[in-house]
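Chains, contacts and geometry: an overview
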Amino acid sequence: MKINYIFVMAAFFLSNIGNAQTIYEKDPESCTSIMVGKKATTDGSVITSHTCDSWYRTWVDMVPAQKYDKDTTMLIYDGRMHTEFVTDQTKVTVKGEIPQVRQTYTFMDTSYPCMNEKQLGIGETTITGKRELRNPNGMFMIEELQRVALQRCTTAREAILLMGELIKKYGYADSGECLTIADPNEVWHFEVFGEGKDKIGGVWAAVRIPDDHVGVSANIPRISTLNLKDKDNYMASENVFEVAKRLKLWDGKEPFKWWKAFGNKKAFSVREFFILDQLAPSLKLDYEAEEIPLTVKPEKQVAVTDVMALLRQTYEGTKWDITKNLKVAVKERGSEKVDTIISPKANPWMRPDEIKMLQGIQADAVTQVRNIAVPQCAYSTVIQLRSWLPDAVGGVVWFSLDNPGQSPRVPVFCGIKDFPELFKICGNHRYRDDAALWHYREANKLAAVKWGTFRKTMEKNIMHFEEKGQRELPFVEAQYKQILQEKGEDAAREFLTGYTSDFFGATILKWDEMARQYWIESRFGL
C-alpha cells in the first residue's frame with residue numbers, strides 16, 4: 001500500500017512543483033547568496049553561499065584533477081544544468097572550445113560549480129538586467145565560467161581576472177549574473193552582463209566585501225558606484241562606461257551607478273533588506289530608500305550556523321510572514337475559552353489557491369512575499385573556507401538538497417574523492433527513489449501539508465544534524481591530520497570521503513523515517 005501512496009503523492013508533488021515553476025519562471029527572484037568576511041565571522045573563516053532555487057539538476061559529482069598534453073583543447077558546453085545523471089548528454093550542446101591548461105584542480109560539480117580543492121568557493125544568483133544587453137552568440141554561460149575558474153584558479157582575484165579574460169575573448173551569452181567568489185582570505189561580489197546584441201563580449205564589475213562586513217545578493221544588481229582607482233577593492237572590465245554610453249543606459253553626465261545603468265529594478269529586494277537589517281539593526285535601514293549599502297558591518301560576529309539559519313528564513317513573526325493572518329479559532333480543553341491560533345494547515349510556502357482554501361480569509365488578508373527558503377530549491381550550499389587548516393579539510397560545503405527551510409546540511413570537505421551514487425542522479429526530472437533528492441523531498445512535502453504539527457519533529461532533526469556537524473568538526477580535522485601524517489594523503493582523503501558519506505546516509509535514514517511517521521499520522525486524512 002505504501003508504494004501505491006508514494007506513486008500517487010509523487011505525481012501530486014510533481015504536479016505542484018511544476019505549477020510553482022511556471023510561476024517562478026516569470027519571477028527573477030530565484031537564488032540567494034550571503035557573503036561574510038573573515039573578521040566578521042566567529043572563527044575567522046570566509047563564507048559564501050548559494051540557494052539554487054529553480055528546476056536545475058540536483059546530481060553532484062567530484063571531478064578529479066587532471067594533467068593534459070600540450071596543445072589540448074577544452075570544450076565549453078550549454079545545457080549541463082538540466083541533465084539527469086553525471087554522464088547524461090541529452091540536450092547538451094558544444095558552444096566552442098578554448099586552449100586547455102596542463103594541470104587542472106579537483107572541483108565539486110554542482111549545477112553551478114561551487115568549490116575546488118584549493119578552497120576557492122563560488123555562490124551564484126541570476127540578476128537578469130536589461131534585455132538589450134544579452135547576446136546569446138557568446139560562448140560562455142555563467143556555469144561554464146565557474147567550471148573553468150574552479151579548474152584553473154586558487155584565489156578569488158585570480159578567478160575574476162580569468163573570467164574577465166574569457167568573456168572579452170570568447171563572449172558572454174547568459175543573462176545578468178552575480179557570482180559571490182571567496183577564498184580563505186577574502187570574498188568578492190562579481191556581476192556580469194553581455195554588452196549588446198551586436199557585440200561579442202561582456203561587461204563586468206567586482207567589489208571586495210570588507211573583511212569585517214557581510215553582503216547579500218538576491219537576484220538584483222547590487223553594485224553601485226565604482227572607485228576603480230582603488231584596485232585593492234574594485235575591479236571591472238575596461239569597457240564599463242563605454243558600454244553604458246553606447247547602449248544609452250547612462251548619459252555620461254550624472255554620477256555612474258552600475259545597478260542603475262545595467263539593472264531593470266530598484267537596487268535591492270526584501271531578501272537583501274531583511275538579511276542586512278537582521279545583522280545590523282542599529283543602522284535602521286530604510287526599505288523605501290532608493291538603495292541600501294552593498295555591505296554592512298554586523299553588530300556581532302556571524303557563525304556559519306547563522307548563515308544556515310538565514311537561508312531557512314520565511315520571515316516568521318515579521319510583517320512579511322504570509323501565515324500571520326491564516327488563523328483558526330480553538331477552544332481550550334475543558335474550558336469555554338476560545339483562542340485564535342495560526343492554522344496547523346498554514347505553511348510559509350502556500351500558493352494563492354491553497355491560501356484561499358482556508359476559511360474566513362479575506363481576499364487581501366495575505367500579501368505574498370518571496371521567502372528566502374523556498375520549496376522549489378534544487379540544492380543549497382554554505383561554503384566555509386579556513387586559512388589555518390590544510391585545504392582538503394579547511395574547505396567545507398555545508399550541502400543541502402530541496403527546501404533549505406526543511407532539509408539538513410551535510411559537511412562536504414573539498415578533499416573528498418567521491419559522492420554516494422544516490423547523489424549522482426537528479427531527482428528533478430521525475431520521481432525516482434534512487435535519487436537522493438526524493439529521500440528528503442517526500443518528508444518535506446508531507447510536513448508542509450500539516451506544518452503547524454509536523455514542523456516540531458523536522459526542526460528538531462535539522463538542529464540535530466547541524467549540531468552534530470559543528471560538534472564533530474574538530475574531531476574530523478584532527479583525524480585528517482593524524483591519518484595524513486601516518487598513512488599519507490590518499491588515506492586521509494578516504495577518511496573524509498567516508499565521513500561525508502556516512503553523514504549523508506544518516507540524514508537520509510532520518511528523513512525516510514520521518515516520511516513514514518508522517519504517513520502514519522496522516523492515515524485519517526491530511
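Let me sum up the structure you'll find in this document. Not measured: the values here are computed from a predicted model.

Turning our eyes to something else, we now look at the sheet that holds strand E19 (residues 410–413). Taken in spatial order, the seven strands of this open sheet run E14-E12-E1-E2-E17-E18-E19, and their pairing is antiparallel. Of all strands in the sheet, those bounded by a partner on one side alone are strand E14 (295–296) and E19. Examined bridge by bridge, strand E1 (residues 31–36) and strand E2 (residues 46–52) share three bridges and lie antiparallel to one another. Its bridge partner lying in E2, Cys-31 is registered against Cys-52. This element, helix H7 (residues 304–311), spans E1, E2, strand E17 (379–385) and strand E18 (396–401) of the sheet and lies at about 160 degrees to E17. Set on the sheet, helix H12 (residues 489–521) makes contact with E18 and E19; between it and E19 the angle comes to about 160 degrees.

The biggest cluster of nonpolar side chains holds 125 residues, and the ones touching the most others in it are Ile-181 and Phe-190. With 12 residues, the single largest contributor to this core is H12. Once residues lying within four places of it in the same chain are set aside, the contact partners of Ile-181 are Leu-120, Gly-121, Ile-122, Ala-156, Ala-159, Ile-160, Met-163, Glu-186, Val-187, Trp-188 and Phe-190. Membership of the second largest hydrophobic core comes to 19 residues, among which are Ala-205, Val-243, Leu-249 and Trp-250.

Attention now moves to empty space enclosed by the protein. Inspection of every chain in the model, using the stated rule, returns two cavities of 30 Å³ or more. Empty space within the largest cavity amounts to approximately 50 Å³. What lines the largest cavity is Met-308, Arg-312, Pro-404, Ser-407, Pro-408, Arg-409, Ile-462 and Glu-466. Taken together, the residues of the lining of the largest cavity sort by class into four nonpolar, one polar and three charged.

Right, let's get into the side chain of Glu-272. Within the fold, Glu-272 resides in helix H6 (residues 270–279). Despite its burial, Glu-272 pairs with no opposite charge; the closest candidate is Arg-222, at 4.2 Å N-O. In terms of polar contacts, Glu-272 uses its side chain to reach the backbone amide nitrogen of Ala-218, at 2.8 Å. Among all residues touching Glu-272, those that are not within four sequence positions of it are Val-216, Ser-217, Ala-218, Asn-219, Ile-220, Arg-222 and Ile-292.

Attention shifts here to the packing of aromatic side chains. Counting across every chain of the model gives 30 aromatic pairs. Between Phe-256 and Phe-262, the aromatic rings sit 6.3 Å apart at their centres with planes inclined by 70 degrees, giving edge-to-face as the arrangement. Joined through ring pairs, the aromatic side chains of Phe-193, Phe-241, Trp-250, Phe-256, Trp-258 and Phe-262 make up one cluster. Lying over the aromatic face of Tyr-287, Lys-266 brings its terminal NZ or CZ to 4.6 Å of the ring centre. The ring of Trp-438 has Arg-441 lying over it, and the distance from NZ or CZ to the ring centre is 5.3 Å.

Another point: the environment of Trp-511. Of note, Trp-511 is situated in helix H12. For the pair Trp-511 and Ala-443, spaced 68 residues apart in sequence, the C-alpha separation works out to 6.0 Å. Apart from the residues lying within four places of it in its own chain, the contact partners of Trp-511 are Gln-406, Ser-407, Pro-408, His-439, Tyr-440, Ala-443, Asn-444, Met-458, Asn-461, Ile-462 and Phe-465. Within polar-contact distance, the side chain of Trp-511 engages the side chain of Asn-444 at 3.1 Å.

Geometrically, a packed helix pair is captured by the angle between its two axes and the distance between the axes. Interaxial distance between helix H10 (residues 436–449) and H12 falls to 8 Å at its minimum, and their mutual angle equals 35 degrees. The interaxial crossing formed by H10 with H12 has left-handed handedness. Across the interface between the two elements, Ala-436, His-439, Tyr-440, Glu-442, Ala-443, Asn-444, Leu-446 and Ala-447 of H10 pack against Phe-504, Thr-507, Ile-508, Trp-511, Asp-512, Met-514, Ala-515, Tyr-518 and Trp-519 of H12. Here the contact of H10 with H12 is composed, by residue class, of 12 nonpolar, three polar and two charged.

In an α-helix, one turn spans 3.6 residues, which is why side chains three or four residues apart end up on the same side. Here helix H2 (residues 142–152) lies mainly inside the structure; 11 of its 11 residues are buried. Regarding H2, the residues found buried are Ile-142, Glu-143, Glu-144, Leu-145, Gln-146, Arg-147, Val-148, Ala-149, Leu-150, Gln-151 and Arg-152.

The next point concerns the pattern of salt bridges. Scanning all chains against the criterion turns up 30 salt bridges. Notably, a salt bridge pairs Glu-291 with Lys-257, separated by 2.4 Å at the nearest N-O pair. Of the two residues, Glu-291 is situated in the loop between H6 and E14 and Lys-257 in the loop between helix H4 (240–246) and helix H5 (258–262); the sequence distance between them amounts to 34 residues. Of the charged contacts, one joins Glu-459 and Arg-455 as a salt bridge, the two residues approaching to 2.9 Å between their closest N and O atoms. Remark: Arg-455 and Glu-459 occur in helix H11 (residues 451–487); sequence separation between them is four residues, near one turn of the helix. Residue Glu-459 is classed as partly exposed on the basis of its relative accessible area, which comes to 30%.

Here we come to H11. Of all the bends in H11, the greatest, near 40 degrees, is centred on Glu-472, and the proline Pro-474 appears no more than four residues after it. In the segment just after H11, Gly-488 is the residue with positive phi, at about 105 degrees.

Closest axis-to-axis distance for the H2/helix H3 (residues 156–170) pair is 10 Å, and the angle between their directions is 130 degrees. Accordingly, the angle class assigned to the pair H2 and H3 is oblique. As H2 runs across H3, the sense of the crossing is right-handed. Contacts between H2 and H3 pair Leu-145, Val-148, Ala-149 and Arg-152 from the former with Glu-158, Ala-159, Leu-162, Met-163, Leu-166 and Ile-167 from the latter. Residue composition of the contact of H2 with H3, grouped by class: eight nonpolar, no polar and two charged.

Let's shift gears to the state of the cysteines. Throughout the structure, instances matching the rule amount to zero disulfides. Between Cys-31, a cysteine without a disulfide, and Cys-52, which holds the nearest cysteine sulfur, the sulfur-to-sulfur distance is 5.3 Å.

Right, let's get into the side chain of Asp-53. Relative to the assigned elements, Asp-53 resides in the loop between E2 and strand E3 (61–63). The exposure class assigned to Asp-53 is buried, which follows from its relative accessible area of 1%. Those residues in contact with Asp-53 that sit more than four places away from it in its chain are Ser-30, Cys-31, Thr-32, Arg-370, Ile-372, Val-374, Gln-376 and Cys-377.

Of note, Lys-284 is a non-glycine position whose phi angle comes to about 50 degrees, a positive value. Within the secondary structure layout, Lys-284 lies in the loop between H6 and E14. Since its relative accessible area comes to 69%, Lys-284 is described here as exposed. We note that Asp-402 has phi near 70 degrees; this positive angle belongs to a residue other than glycine. When you line up the elements, Asp-402 lands in the loop between E18 and E19. Take Asp-402: its relative accessible area is 1%, and that puts it in the buried class.

Conventions and cut-offs
- Residues numbered from 1 in each chain as written.
- Predicted model: local features only at pLDDT ≥ 70, side-chain atom pairs only at ≥ 80, totals over all residues.
- Heavy atoms only, no water.
- Pairing = 2+ DSSP bridges.
- Helix = DSSP H or I, 4+ residues; strand = E, 2+ residues; numbered from the N terminus.
- Contact = heavy atoms within 4.5 Å.
- Axes fitted to C-alpha atoms, helices over the stretch in contact; angles between N-to-C directions.
- Core = buried A, V, L, I, M, F, W, Y, C linked by side-chain atoms within 4.5 Å.
- Buried < 20%, exposed > 50% of the residue type's maximum accessible area, 1.4 Å probe, protein only.
- 1 Å grid on protein atoms, 1.4 Å probe; cavity = no way out; pocket = protein on both sides within 12 Å on 5 of 7 lines; lining within 4 Å.
- Points joined across faces, edges and corners; volume = space filled by probe spheres on them.
- Nonpolar A, V, L, I, M, F, W, Y, C, P; charged D, E, K, R; others polar.
- Lys, Arg positive; Asp, Glu negative; His and termini not counted.
- Salt bridge = Lys/Arg side-chain N within 4 Å of Asp/Glu carboxyl O.
- Polar contact = N/O pair within 3.5 Å; in protein donor to acceptor, adjacent residues only side chain to side chain.
- Phe/Tyr/Trp six-rings, centres within 6.5 Å; stacked < 30°, edge-to-face > 60°.
- Lys NZ or Arg CZ within 6 Å of the ring centre and 35° of its normal.
- Left-handed = near helix turned anticlockwise from the far one by under 90°.
- Bend = angle between axes of the 7 residues up to and from the residue.
- Parallel < 35°, antiparallel > 145°, perpendicular 65-115°, else oblique.
- Disulfide = S-S within 2.5 Å.

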